[in-house]
Structure formats: C-alpha cells, structure tokens
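# A structural walkthrough
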Amino acid sequence: RYSVETGHQGTAIYDLLRSGIGMYSITSDEKYLDQARKTASYVDTTFLTENDLIFHYNPFSGDFISGGHTNQELVYDFSRLALIDSNYNSIVEKLANAIIKNEIHPETNLFFTTVDDFSNPGNTDMYISYDSASGISSLLIAYEVTSNEKYLTQVKDTLFAYWDLRNKDTNLIPSMVNAETK
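This write-up is about the structure you can find in this document. (Residues numbered from 1 in each chain as written. Predicted model: local features only at pLDDT ≥ 70, side-chain atom pairs only at ≥ 80, totals over all residues. Heavy atoms only, no water.)

## Details of the packing of helix α4 (residues 89-102) against helix α6 (residues 149-164)
- Contact geometry for α4 and α6: axes closest at 11 Å, N-to-C directions at 35°. Handedness of the crossing formed by α4 with α6: left-handed. Residue-level inspection shows Glu93, Ala96, Asn97 and Ile100 of α4 in contact with α6, the latter providing Lys150, Tyr151 and Gln154.
- Of the residues in the contact of α4 with α6, the class split is three nonpolar, two polar and two charged. (Axes fitted to C-alpha atoms, helices over the stretch in contact; angles between N-to-C directions. Helix = DSSP H or I, 4+ residues; strand = E, 2+ residues; numbered from the N terminus. Left-handed = near helix turned anticlockwise from the far one by under 90°. Contact = heavy atoms within 4.5 Å. Nonpolar A, V, L, I, M, F, W, Y, C, P; charged D, E, K, R; others polar.)

## Let's talk about the nonpolar core
- Counting residues in hydrophobic clusters, the biggest one holds 41 residues, and the most contacted among them are Ile54, Phe78, Leu81 and Leu139.
- Breaking this core down by element, the ones donating at least two residues are α1 (12-27), α2 (30-46), α3 (74-84), α4, α5 (131-146) and α6. (Core = buried A, V, L, I, M, F, W, Y, C linked by side-chain atoms within 4.5 Å. Buried < 20%, exposed > 50% of the residue type's maximum accessible area, 1.4 Å probe, protein only.)

## Some remarks on the environment of Leu110
- Along the chain, Leu110 falls in the loop between α4 and β3 (114-115).
- When the C-alpha atoms of Leu110 and Thr181 are compared, they prove to be 9.0 Å apart, with 71 residues separating the residues in sequence.
- In this view, Leu110 contacts Glu103, Ile104, His105, Met126, Thr158, Ala161, Tyr162, Leu165, Val177, Asn178, Ala179 and Thr181; residues no more than four positions away in its chain are not counted.

So, in structure tokens, the structure goes:
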C-alpha cells in the first residue's frame, strides 16, 4: 500500500501475479490461474521499458514510476507461472535476459540493486541477503523453465565473484558490496 510517510509505492499489479499463482497452487481453481495469466500478459504488453525492465507502478495514482527498475524479484513469479503454463516461457526468457544485460555488472558479475530507465545503475550496492538473492533465485528458476545454460552460468559466476570477496581469514562474506568494484 502507498504510504505518504514512507513514500512506498504500491505494487498491487504484481501481487495479482504472485497471489494468483499461489491461490491456484492451493485450490486448483482456474480463476486464480487466469488472474495470473492476465496479469503476466498485461505486464508484458504495458509495463516494460525498451530494455525489457519492469516499470514500477503506483496503482493508486495510475502513474508509472521512472527509475529504480529491477526484474530480480518478479522473474521468479513469472517463472512459477511458466512452470504451470509454458506459454509464458518467452517472457521469462525476455525478463531473465534483461537481468543479465542490465542489472549485472559485466566485469564483476555482481548485481546492481536498481537501474534507471536507460539501464544505468541507480544503486550499485549489492545486498546478497536481499535483492541479489532474489536475482540469483530468479535466474535459477528461469534456468529450470528454459533449460538455458547462460542463466545457470551467470548464477555460478556471481556466486564465485561474491565468494572471492570474502574475508580470507574467516571465510565470512560481506552482506553488501559495491557491484562496480571487485
């Protein structure tokens, strides 16, 4: 929900995808699967930038919110739908490709937290326990959906790059790193 105090933007449209899949998984009632399908198709035709990044949307005002894009969380939901209905495999591939192209530093293999409308890093911090973990799990389930090895390879490259940043004495990994520096 939108909160004036926190400035949090509602993401109700995306919640319809997640809840539709979840409710279908619990009840096997096709109306929930139809809700998820309609939402996924609507996002695919209406909510993507030219670089296939998902726009943030405020359902209370109807405004698209510029900047701060990330596919890292939502590819997981699209993949769950594609595991039920293979007609959605192509959008999973499109969104997962956008993660690799736009949301991962090509030299360090580390995730950006967000990118702007033109795929420039908006936040270069990589939090392994938050968004980056979502990005990794999204690419893993995208691999499960598509069998495209590049998603699995990217996950491995990112995890090895992150492991290289550990404290060599304790083997503890940092909770946050700058994706532009290695």
